[in-house]
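Tertiary structure, described
Spelled out, the chains give:
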Amino acid sequence: MTSGPATDFHSHLIPGVDDGAADLAESRAAVAAMAADGVATAIATPHFDGSLTFTPDLANARLAQIDAAYTALTADADVQTTGVRVLRGVELMLDVPDPDIGDPRLRLNGGRFVLVEFPALQLPPSNADFAIRSLREKGWQPVLAHPERYRNVDDSLDSLLALRYAGAYLQLNAGSLLGFHGDGARRRAAALLARGWIDYASSDYHSRGMPAVAAARASLSSSGAAEQAELLFSENPARLVRGDAPIPVAPLAASARTRRSWWSRLLWRR
Ligand SMILES: [Fe+2]
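Residues numbered from 1 in each chain as written. Predicted model: local features only at pLDDT ≥ 70, side-chain atom pairs only at ≥ 80, totals over all residues. Heavy atoms only, no water.

This next bit is on the coordination of the iron ion. Around the iron ion, the protein contributes the donor atoms His10 (NE2), His12 (NE2), Glu91 (OE) and Asp204 (OD), at 2.0 to 2.2 Å from the metal centre. Along the chain, the residues that donate to the iron ion are spaced as H-x1-H-x78-E-x112-D. Taken together, the positions of His10 in the loop between strand 1 (6–8) and helix 1 (24–36) and Asp204 in the loop between strand 9 (200–202) and helix 8 (213–222) put the pair 194 residues apart, joining distant regions of the chain. Each member of the pair, His10 as well as Asp204, is classed as buried. (Donors = N, O, S within 2.8 Å, 3.2 Å for Na, K, Ca; no water. Helix = DSSP H or I, 4+ residues; strand = E, 2+ residues; numbered from the N terminus. Buried < 20%, exposed > 50% of the residue type's maximum accessible area, 1.4 Å probe, protein only.)

Below is the structure:
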């Protein structure tokens, strides 16, 4: 099958606003690297703490800083020459469970989708699903960034299933498939894909090293998952930019053993 251009909605390309590109020179190189990896549309998602929204002056100052740097990035001739369309969003840290994300700059391309993460790569044991449900009840569509990176998710993956039930979509980091985030993240990435629970894949590119989009797509395709790779990297993220829900992604290698053990645990608890 032919592969379409990638749409990447999780990246740290905006100069000088977070731990991504330090300056415009790094931003230029990063956008060029995205273009070389087949990315046609990227949403730049600098880190933004949800708790800031409770102090409007601080939130507005942070957004003004991002606005100025985003304008510098998209006005740059070298960035424009790459042909990559760079849109706006943030990676919203749910350091509080109920941030106010009424400002469209806090959502992906200003639509109803919002990219979220929890602090310190730990899923809060008590209120993670409340936070997801709360965003949904306000009309927003949360997308949880890199679920495979949470260190307190055990092999049952039950805590991530709870977030899916609460209404979150899940976004895998491309680099996790290649071991960039360690063995645990690679193992959880494979397990999530095997269950068909991942809706999107993006780079989370911090403007250093490689975006890993092309390598991860190639890795999936060579293991017989070309159709899933297309949905994860191209079709579903393009749908997100348009405001449409993702197409379900078929399990990569859903073994009968994995399914039996999940159901047997559920039944055993009753
Ligand atoms: Fe990120």
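Now that the structure is up, let's keep going.
In space, the three strands of this open sheet follow the order 1-2-4, with parallel pairing throughout. Edge positions in the sheet fall to strand 1 and strand 4 (85–88), since each has one partner strand and no second. In this sheet, neighbouring strand axes are inclined to one another by 15° on average, regardless of whether the strands run parallel or antiparallel. Summarising the sheet, strand 2 (residues 39–44) and strand 4 pair through four bridges and their orientation is parallel. (Pairing = 2+ DSSP bridges. Axes fitted to C-alpha atoms, helices over the stretch in contact; angles between N-to-C directions.)

Backbone hydrogen bonds hold the strands of a sheet together, and the pairing may be parallel or antiparallel. With respect to topology, six strands assemble into an open sheet ordered 3-5-6-7-8-9, the strand pairing being parallel. Only two strands of the sheet have a single neighbouring strand rather than two, namely strand 3 (47–49) and strand 9. Recorded for the sheet is a direction-independent mean angle of 35° between the axes of neighbouring strands. For strand 7 (residues 141–145) and strand 8 (residues 169–173), the ladder comprises three bridges, and the chain directions are parallel.

Glancing now at the confidence of the model for the chain. For the chain, per-residue confidence averages 93 on the pLDDT scale, and residues scoring 70 or more make up 93% of the total. Confidence drops under a pLDDT of 50 for residues 254–270, and excluding neighbours within four residues, the segment shows twelve contacts in the predicted structure. (pLDDT = per-residue confidence, 0-100. Contact = heavy atoms within 4.5 Å.)

Right, let's get into the environment of Leu231. Within the secondary structure, Leu231 sits in helix 9 (residues 226–242). The exposure class of Leu231 is buried, given its relative accessible area of 13%. C-alpha of Leu231 to C-alpha of Ile247: the two residues are 16 residues apart in sequence and 7.3 Å apart in space. The residues contacting Leu231, other than those within four sequence positions of it, are Asp199, Asn236, Pro237, Ile247, Pro248 and Val249.

Another point: the pairing of strand 8. Counting buried positions over the five residues of strand 8 gives four, a clear majority of the element. You can see the chain leave strand 7, run along helix 5 (residues 158–166) and come back into strand 8, and the turn it takes is right-handed. Bridge count between strand 8 and strand 9: three bridges; the pairing is parallel. By the bridge assignment, Gln171 is partnered in strand 9 with Tyr200. (Right-handed = clockwise from strand over helix to strand, strands pointing away.)

What follows is about the pattern of salt bridges. Applying the stated criterion to the full structure yields eleven salt bridges. In this structure, Glu26 and Arg208 form a salt bridge, with 3.0 Å as the shortest nitrogen-oxygen distance. With Glu26 in helix 1 and Arg208 in the loop between strand 9 and helix 8, this pair connects stretches of sequence that are 182 residues apart. For Glu26, a relative accessible area of 25% puts it in the partly exposed group. The salt bridge involving Asp76 is made with Arg28; its shortest N-O contact spans 2.8 Å. Of the two residues, Asp76 sits in the loop between helix 2 (56–75) and helix 3 (77–82) while Arg28 sits in helix 1, which places them 48 residues apart along the sequence. Residue classification places Arg28 among the partly exposed residues on the basis of a relative accessible area of 29%. Where salt bridges share partners, they join Asp67, Arg88, Asp103 and Arg105 into one cluster. (Salt bridge = Lys/Arg side-chain N within 4 Å of Asp/Glu carboxyl O.)

What follows deals with helix 8. For helix 8, every residue scored as buried is listed here: Val213, Ala216, Arg217 and Leu220. Looking down the long axis of helix 8, one finds its buried residues gathered within 100° of arc, a one-sided arrangement. Of the residues trailing helix 8, Gly224 is marked for its positive phi of about 85°. (Arc of directions from axis to C-beta.)

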